[in-house]
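Structural characterization, general
Spelled out from the first residue to the last, the chains are:
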Amino acid sequence: MKVKLLNYTQGAMNLLLLTKNTRLRFQEDPAAWSEEKRHEHMGYMRDTIKSAFEFVDYTFQITGVTRAFTHQLVRSRQGSYQQESQRTVDVRDSPVVRPDSLDTVGVPGLWSEAEEHALRAYAQMVDAGVPVQDARGILPTNMTTSIIAKFSLRTLHEMAKVRLCVRTQGEYQDVFRAMRAAVIAV
């Protein structure tokens, strides 16, 4: 799994402070504030309505994740998404992620057998002329894929509150930790 920050709102802190300051009639330009004052106002914003956070966007390229993960991700309905298409791309060479839990219950052979059978059937169908959009129905959900996702800071904040908990699937937590680190870095 790899998460790359492709684009983000430049000057996000100033924009956040400016949008907050708008409610107070633009008393002064936040860009001229001291660091101490900027941090004080950001602290205040952290504990209020997050509407100003909607002005700041982050766009990520997320690769090497499973379709199971991307199905969960897009269910948030709060972002913009563009994903690799199994409808048009022959994905027979895409890796399938094998869950670690198989080792703890002693059935890794069962998984491998089912995976090999599904991938072999997919390849045979495509080679026989079945369109990939029809053959894809037999593919495992844990095939890797790539997706580009754009979120506002508000959406990221809300999603992180629920997706970084221990009940969330490990892959989802890993992706969100990487996204959070990328945002913090800029």
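Here is a short report on the structure shown in this document. This structure is a prediction, so every number in the text was calculated from the model and none was measured.

This brings us to the overall build of the protein chain. Helices and strands together make up the secondary structure of the protein chain, namely eight helices and four strands. Listed by position from the N terminus, the elements making up the protein chain come as β-α-α-β-α-β-α-α-α-β-α-α. The C-alpha atoms of the protein chain give 22 Å as radius of gyration, which overshoots the globular expectation for 186 residues (16 Å, by more than 25%). Seen through its principal axes, the protein chain has C-alpha atoms that stretch 70 × 40 × 20 Å. Every one of the 186 residues in the protein chain was classed for burial, and the buried ones make up 37%. Surface exposure of the protein chain reaches about 11,200 Å², of which carbon and sulfur atoms provide 51%.

Turning our eyes to something else, we now look at the side chain of Arg38. Among the secondary structure elements, Arg38 is positioned in helix H2 (residues 35–46). Leaving out residues up to four positions away in the same chain, Arg38 has contacts with Met13, Asn14, Leu17, Pro30, Ala31 and Trp33.

Time to look at the packing of aromatic side chains. Counting across every chain of the model gives four aromatic pairs. Seen in terms of ring centroids, Tyr8 and Tyr58 are 6.4 Å apart; in terms of plane orientation they differ by 15°. Their pairing is stacked. You can see Tyr8 sitting in strand S1 (residues 2–8) and its partner Tyr58 sitting in strand S2 (residues 57–66), a full 50 residues away along the chain. Looking at Tyr8, the relative accessible area reads 27%, which means it is partly exposed.

Time to look at the sheet that holds strand S4 (residues 144–152). The four strands are arranged S1-S2-S4-S3 in an open sheet whose pairing can be described as antiparallel. In the strand order of this sheet, the two ends are held by S1 and strand S3 (80–83), each with one partner. In this sheet, adjacent strand axes meet at a mean angle of 20° when their direction is disregarded. Relative to S4, S2 is paired through nine bridges, and the arrangement is antiparallel. Pairing of Val65 across the sheet is with Thr145, part of S4. Here helix H7 (residues 153–163) sits on the sheet in contact with S2 and S4, set at roughly 115° to S4.

Moving on to helix H3 (residues 67–74). Turning to H3, its buried residues number three or more, namely Arg67, Ala68, Phe69, Thr70 and Leu73. In this structure, the buried side of H3 is in contact with S2, S3, S4, H7 and helix H8 (170–185).

It is worth spelling out the nonpolar core at this point. Side chains that are nonpolar tend, in soluble globular proteins, to be buried together. The biggest cluster of nonpolar side chains holds 29 residues, and the ones touching the most others in it are Tyr58, Phe60, Ile62, Leu73 and Met179. When contributions to this core are tallied by element, the ones reaching two or more residues are S1, helix H1 (12–22), H2, S2, H3, S4, H7 and H8. In terms of residue count, H8 provides more of this core than any other element does, six residues in total. In contact with Tyr58, other than residues within four places in its own chain, are Leu5, Asn7, Tyr8, Ala12, Ala149, Lys150, Phe151, Leu153, Leu156, Val183 and Val186.

For the rest of this paragraph, the subject is the environment of Tyr58. A relative accessible area of 6% places Tyr58 in the buried class. Sequence-wise, Tyr58 and Ala182 are 124 residues apart; in three dimensions their C-alpha atoms are separated by 9.5 Å.

Criteria and cut-off values
Residues numbered from 1 in each chain as written. Predicted model: local features only at pLDDT ≥ 70, side-chain atom pairs only at ≥ 80, totals over all residues. Heavy atoms only, no water. Helix = DSSP H or I, 4+ residues; strand = E, 2+ residues; numbered from the N terminus. Rg over C-alpha atoms; globule rule 2.2 N^0.38 Å. Buried < 20%, exposed > 50% of the residue type's maximum accessible area, 1.4 Å probe, protein only. Areas by Shrake-Rupley, 256 points an atom, 1.4 Å probe, with all protein chains shown as cover. Contact = heavy atoms within 4.5 Å. Phe/Tyr/Trp six-rings, centres within 6.5 Å; stacked < 30°, edge-to-face > 60°. Pairing = 2+ DSSP bridges. Axes fitted to C-alpha atoms, helices over the stretch in contact; angles between N-to-C directions. Core = buried A, V, L, I, M, F, W, Y, C linked by side-chain atoms within 4.5 Å.

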